Amino acid sequence: MNNAGHSTRTILLSKKESGWLIISRRSAGNIDPLAEDKSSGHSHLKAFNIANLTASSPPYDFTADGRLLGWGIFTVENSADDVARSGTDIHATNPGEEMNFVGTLASSENQAVTTDIPTASLQFAADVTDQTPTVTDADCEERVKPRLTFQPHTTPLDVKFAADGGKAFVSFHGSWNSPTPVGYMVATIDFANGQPVAAADSQTAAVDLFTNPDITKCPNACFKPASLFLDGTGRLYVSSDATGEIWILGPTGSTTPPANSGGRRRARLPRL
């Protein structure tokens, strides 16, 4: 799985379908033409059956093996950057970041296509460059739409669900190429019956839970949420790669507002 550009990977062991390991592979760059090709393995989410593996089993090949899930699992994804349309630079406000539903291990149907491909995240057709083919708005209309769309440049990196499935927690790592800083927070999204409560075109689905008190100081003097972990007691662990910190947000029945401490804002987690 070696590639230049976005080299990070995420893994997940399914609790419902025992013995399945889910791995995400990112793109080779902001615009990755190979992500359009299913055989490349770029920007893919795949599942591997590890139930019967032994010490003598050969290693899996990510590109050739496994089951392609996305081209009940939800992913949060970063869209392409430096996008132009009709000769105009629109990267400051387009395209939006996404939450996609990419199917379940119980279904062989691919529910979504990942981002970082030459169609500007499938939301609309972008201008053609030396890295991108000609794609029309009509082509994008035929693709699976994001379940939710977030503010551009907020950079969602991780999503975790409460034990009852009623709430998702998303880490927004923050912008690097936006005229004004955006993101740098952990947000909650309400779920019911396995889907977000908010409509697909909602602009208020992500509710701020844990954020920097002065976002204008970002990215150089603030924390940048990266990975999330929910333990068995309802505590949410939040890592910040920029500051080398791990924050712990604990459940409480209190309705008092978050308090400021040490220049950063501590948020109380809603009871799960």
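Since we're looking at a predicted model, the values are computed, not measured. (Residues numbered from 1 in each chain as written. Predicted model: local features only at pLDDT ≥ 70, side-chain atom pairs only at ≥ 80, totals over all residues. Heavy atoms only, no water.)

By the element assignment, His173 lies in the loop between strand S11 (167-172) and strand S12 (185-192). Of note is the side chain of His173, whose polar atom sits 2.9 Å from the side chain of Asp241. Setting aside its immediate chain neighbours within four residues, His173 contacts Thr154, Thr155, Leu157, Tyr184, Lys224, Pro225, Ala226 and Asp241. (Helix = DSSP H or I, 4+ residues; strand = E, 2+ residues; numbered from the N terminus. Polar contact = N/O pair within 3.5 Å; in protein donor to acceptor, adjacent residues only side chain to side chain. Contact = heavy atoms within 4.5 Å.)

Enumeration over the complete set of coordinates arrives at three salt bridges. In this structure, Asp158 engages Lys160 in a salt bridge whose closest nitrogen and oxygen atoms are separated by 2.9 Å. Taking relative accessible area as the criterion, Asp158 reaches 14% and is therefore assigned buried. A salt bridge links Asp231 to Arg235; the nearest nitrogen and oxygen atoms lie 2.7 Å apart. Owing to a relative accessible area of 17%, Asp231 belongs among the buried residues under this scheme. (Salt bridge = Lys/Arg side-chain N within 4 Å of Asp/Glu carboxyl O. Buried < 20%, exposed > 50% of the residue type's maximum accessible area, 1.4 Å probe, protein only.)

A few words now on unusual backbone geometry. Look at the link from Cys218 to Pro219: it is a cis peptide, with omega at 10°. Here Pro219 shows up in the loop between strand S14 (207-211) and strand S15 (225-230). For Thr155, which is not glycine, the phi dihedral falls at a positive 60°. Take Thr155: it is sitting in the loop between strand S9 (148-150) and strand S10 (156-161). Residue classification places Thr155 among the buried positions, given a relative accessible area of 14%. Here Asn193, not a glycine, exhibits a phi torsion of approximately 55°, which is positive.

This structure, assessed with the given rule, holds one disulfide. The residue that forms a disulfide with Cys218 is Cys222, at a sulfur-sulfur distance of 2.3 Å. The exposure classification of Cys218 matches that of Cys222, with both residues buried. (Disulfide = S-S within 2.5 Å.)

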